[in-house]
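Close look at the chain arrangement
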Amino acid sequence: MSLLVLNSIAEKFSLNLWIVKSWCENMGLTNQVKAEEFFRTHEDIIKARPFVKWVGGKRQLIKQFEQFFPTEFGDYFEPFLGGGAVFFNLQKKKSYLSDINEELINTYQTVKDFPDELIAFLSTLEHSKKCYETIRAWDRVKDWQKKHTNIERAGRFIYLNRTCFNGLHRVNSRGEFNVPMGAYKNPDFVQATNIRNTSELLRRTEAEIKLESFEHVLAKAKKGDFIYLDPPYDTLTETANFTSYNKDSFGRDMQVKLAETFRALDKKGCKVMLSNHNTPFIRDIYAGFRFEIVSARRNINSKSDARGGVEEIVVLNY
Ligand SMILES: C[S@@+](CC[C@H](N)C(=O)[O-])C[C@H]1O[C@@H](n2cnc3c(N)ncnc32)[C@H](O)[C@@H]1O
């Protein structure tokens with residue numbers, strides 16, 4: 001089907017072009033009537049949305065990002081997955097999703113494989129300080145992950161994410177989650193419909209969900225594949241450290257390593273898109289590539305100077 005036809009379907013169902021294009025390819029839909037029938041009957045899966053709030057999440061930027069996505073590409077890779085806003089916006093088969101946050105990755109795997117069991121566990125929890133503190137305290141016990149099922153761990157992750165202060169994910173030096181409870185009136189921490197739809201979406205896009213660092217993308221991505229890189233932000237203050245001191249921090253040494261990976265993917269013939277703060281350091285390490293600027297509005301930030309508009313740079317090799 002031509003882009004013109006795909007566009008008209010997108011308009012008719014209030015969807016974006018990428019979702020329409022992906023599903024037509026995913027399902028082998030080559031004529032307009034069949035495609036429209038599919039979009040009419042599969043609205044629920046297509047409407048799946050990120051089920052965790054994530055600091056640095058791209059949901060607010062997605063409309064500005066759409067103009068930069070390539071219209072033609074092979075497989076899709078999102079190695080800094082977080083809330084996965086771009087994955088949900090592209091819905092591409094096949095998708096490779098990864099992150100180094102173990103609890104996050106276990107949660108995606110559980111949503112994909114055991115949605116009903118996960119919903120059943122979440123439904124046993126309640127929105128109260130007592131429940132919040134009990135669930136949060138699981139990780140105060142040695143080898144706590146071995147004492148709970150993957151479903152319980154995923155439930156804990158979603159419950160804390162939806163009820164804690166601003167959806168922050170923060171652990172102390174002992175790896176203990178230490179964010180206080182948020183002030184929500186009636187948070188929907190079960191999200192039964194969205195969990196079921198996301199599960200279906202992850203299955204239909206044959207999403208491969210892995211706990212691994214971003215460098216691994218290099219071994220799998222092939223010519224023509226699309227890789228979206230959304231690392232933890234470069235610092236806006238110049239006093240910041242150059243080195244990452246612990247496994248969870250992403251200092252400038254890691255930004256440099258990522259820029260090397262970007263260049264290697266470029267050499268392979270992949271289509272690569274990266275977003276970060278628009279700092280002189282980032283412009284320097286990506287010198288030679290195409291730069292686009294978008295303006296982001298942060299609300300999950302305790303520093304008042306960063307609450308207003310912050311410029312974000314998009315680096316593209318195409
Ligand atoms: C800015 S967030 C991504 C936000 C995501 N795009 C969204 O829309 O929600 C950065 C993510 O990178 C992950 N991360 C940090 N270091 C990493 C590494 N070395 N390899 C892969 N992921 C890493 C963090 O766990 C976090 O989920």
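Everything discussed here concerns the structure shown above.
Residue numbers restart at each chain and count upward from 1, following the sequence in its written direction. Confidence filtering applies because this is a predicted model: local features only for residues at pLDDT of at least 70, side-chain atom pairs given and counted only at 80 or more, and all residues used for totals across whole chains, interfaces and linings.

Some details on the overall build of the protein
The following threshold applies: Only DSSP runs of H or I with at least four residues qualify as helices, and only runs of E with at least two residues qualify as strands; both kinds are numbered from the N terminus onward. Throughout, the radius of gyration refers to the C-alpha atoms, and the reference size of a globule is 2.2 Å times the residue count to the power 0.38. Buried, partly exposed and exposed are defined by the number of other C-beta atoms within 10 Å of a residue's own C-beta, namely 20 or more, between the two limits, and 12 or fewer respectively, with C-beta atoms placed from the backbone. Contact between residues is assigned whenever the C-beta positions, reconstructed from backbone atoms, fall within 7 Å.
Broken down by element type, the protein carries 14 helices and seven strands. Rg of the C-alpha trace for the protein: 20 Å, near the compact-globule value of 20 Å for 318 residues, within the 12% margin. Reported as C-alpha extents along the three principal axes, the dimensions of the protein are approximately 55 × 50 × 35 Å. Put simply, the protein has 318 residues, and 34% of those count as buried. Across the protein, contacts joining residues at least 24 apart in sequence account for 71% of those joining residues at least 6 apart.

Regarding the environment of Ile 135
By secondary structure assignment, the location of Ile 135 is in helix H9 (residues 129-136). According to the C-beta neighbour criterion, Ile 135 is partly exposed, with 18 such atoms within 10 Å. Ile 135 sits 24 residues away from Tyr 159 along the chain, and the two C-alpha atoms are 8.5 Å apart. The contact partners of Ile 135, leaving out residues within four places of it in the chain, are Leu 125, Arg 156, Tyr 159 and Leu 160.

Considerations on the site of the ligand
Convention followed: Note on definitions: a residue is near a molecule or strand provided its C-beta atom, placed from the backbone, lies within 6 Å of it. Gly falls in the polar group here, along with every residue not listed as nonpolar (Ala, Val, Leu, Ile, Met, Phe, Trp, Tyr, Cys, Pro) or charged (Asp, Glu, Lys, Arg).
Around the ligand, the surrounding shell holds 19 residues, and the nearest of these are Trp 54, Gly 56, Gly 57, Gly 82 and Gly 83. Considering only residue class, the shell around the ligand consists of nine nonpolar, seven polar and three charged.

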